[in-house]
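Letter by letter, the chains look like this.
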Amino acid sequence: MTDLQEREKTEILRVANISKTYDLGGRMPWSRGPGSTLTALDGVDLDLRSGEILALVGESGSGKSTLAKILVGSLAPTTGSLDWDAPTDSQRGRHAARRVQMVFQDPYSSLNPRLSVRAMLSELLLLHRIVPRSGVTAECLRLLNQVGLDADALDAYPSQFSGGQRQRLAIARALAVRPDVLIADEPVSALDVSVQATILDLFATLQKELGLSILFIAHNLAVVQHLSQRVAVMYLGRIVEVADTAELFSNPRHPYTRALIDSIPRMNPGSRNSKPIIDGEPPSPFDVPAGCRFSPRCAFASEECTVVDPHLTAVATDHSAACIKSVALPSIAPTGDQKENQ
Ligand SMILES: Nc1ncnc2c1ncn2[C@@H]1O[C@H](COP(=O)(O)OP(=O)(O)OP(=O)(O)O)[C@@H](O)[C@H]1O
Ligand SMILES: [Mg+2]
């Protein structure tokens, strides 16, 4: 293994056995009694490796944002632990707050409309003592350049920018404090399709030029196929498959991942799919199905699947899946994209 490959495999962030439940007993008319606990995350293990883009993909309500908030430190898990590579516990809070930054889906609501770009960036640069006061303007211009905005942007306000430009601003704000890790929660879902590709390119450039490690959350696989090195697939609060991106697309070992791949040709990258990806009732987080939680919607499920709760298990090098039939699943036909490359 080369030095680069070795470095790429170093974990920069890890969560082990993270769960998050919300007890809504009495607060919701439908949630009284035994079904009043909502399980948002259930025993999630995940590592982000240094310098990689790891995609986290799953349908609405699967727990992606909940996991993102736990990783960034803005939400406490109900159980489980979070490991940064900070040397001591006491350094963890302060250190983590700066080194893990988040970019949200809606850049407009995440930017303060009353602050000019200069004011927004200067405040952060001075607060975190990134540069001395005399160097603030130069640093603001460097950040704008890094995200593909020109110098005129410095004295403008968020309302004066287009959606894509606002997302660039939100990225500049995240980069201002020189983070090691960027967590991007559906950062292109609210943008026009034509703009999405340019923002995806920016993430790829930042990874290459700054060596940033990025957790990139998306609704569908099409968005991340050419961006991420690895993909983690979430279903109802669990990671059900993790693999290198090429391996995941060519050899998916979980029926849910297969359904996500099958749905790609009828989706525009980044768009919310108007047709459901899979048949069957979407699962309720108040009442997680017994056995495999995907079994009620799974085309391959047997009696055993309604009893055995599968956990992530290695199926190949750097590839794990949570399905008792993972090895026996038939191979899939190549996607349109893969056919073109053949
Ligand atoms: N503060 C909260 N109180 C109660 N339930 C919550 C809260 N936050 C999230 N949930 C529930 O937790 C589950 C996971 O939500 P989460 O927002 O993490 O999903 P998601 O995968 O990000 O979905 P989306 O793709 O729609 O953004 C959902 O069932 C959601 O309703
Ligand atoms: Mg979300």
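Quick caveat: nothing in here was measured; it's all calculated off a predicted structure.

> I'm lost on helix α11 (residues 255–262) in this one. Help?
Given 3.6 residues per turn, any residue in an α-helix points the same way as the ones three and four places further on. Among the eight residues that make up α11, seven are buried, leaving the element largely enclosed by the rest of the structure. Taken together, the buried positions of α11 are Pro255, Tyr256, Thr257, Arg258, Ala259, Leu260 and Ile261. Buried residues in α11 make contact with β3 (53–57), α9 (221–224), β8 (230–235), β9 (238–244) and α10 (245–250).

> Can you help me understand the sheet that holds strand β5 (residues 100–103) in this one?
Paired through backbone hydrogen bonds, the strands of a sheet run either parallel or antiparallel to each other. Strand order in the open sheet formed by eight strands is β5-β6-β7-β3-β8-β9-β11-β10, with mixed pairing between adjacent strands. Of all strands in the sheet, those with a lone pairing partner are β5 and β10 (313–316), marking the two edges. Averaged over all neighbouring strand pairs, the angle between strand axes comes to 25°, with direction disregarded. Bridging between β3 and β8 involves four bridges; their strand directions are parallel. Each residue of the ladder has a partner; that of Leu56, found in β8, is Ala232. Sitting on the sheet, helix α7 (residues 163–176) is in contact with β5 and β6 (181–185), with an inclination near 170° to β5. Across the face of the sheet, α11 comes into contact with β3, β8 and β9 while running at roughly 110° to β8.

> Whenever I open this one, empty space enclosed by the protein confuses me. Can you help?
The gaps left among the atoms become clear once a water-sized probe is rolled over them. Scanning the model with the defined rule gives four cavities of 30 Å³ or more in all. A volume near 90 Å³ is recorded for the largest cavity. The computed volume of the second largest cavity comes to approximately 60 Å³. As for the second largest cavity, its lining consists of Arg238, Ile239, Val240, His254, Cys292, Arg293, Asp309, Pro310 and Ala322. Partitioned by chemical class, the residues of the lining of the second largest cavity number five nonpolar, one polar and three charged.

> Which parts of the structure should I look at to understand the side chain of His319?
As for its position among the elements, His319 is in strand β11 (residues 319–321). Within the structure, His319 has its side chain in polar contact with the side chain of Glu241 (distance 2.6 Å).

> Can you walk me through the environment of Leu127 in this structure?
Within the secondary structure layout, Leu127 lies in helix α5 (residues 117–127). The exposure class of Leu127 is exposed, given its relative accessible area of 65%. A C-alpha to C-alpha distance of 9.3 Å links Leu127 and Val177, two positions 50 residues apart in sequence.

Parameters at a glance
- Residues numbered from 1 in each chain as written.
- Chains lettered and ligands numbered in written order.
- Predicted model: local features only at pLDDT ≥ 70, side-chain atom pairs only at ≥ 80, totals over all residues.
- Heavy atoms only, no water.
- Buried < 20%, exposed > 50% of the residue type's maximum accessible area, 1.4 Å probe, protein only.
- Helix = DSSP H or I, 4+ residues; strand = E, 2+ residues; numbered from the N terminus.
- Contact = heavy atoms within 4.5 Å.
- Pairing = 2+ DSSP bridges.
- Axes fitted to C-alpha atoms, helices over the stretch in contact; angles between N-to-C directions.
- 1 Å grid on protein atoms, 1.4 Å probe; cavity = no way out; pocket = protein on both sides within 12 Å on 5 of 7 lines; lining within 4 Å.
- Points joined across faces, edges and corners; volume = space filled by probe spheres on them.
- Nonpolar A, V, L, I, M, F, W, Y, C, P; charged D, E, K, R; others polar.
- Polar contact = N/O pair within 3.5 Å; in protein donor to acceptor, adjacent residues only side chain to side chain.

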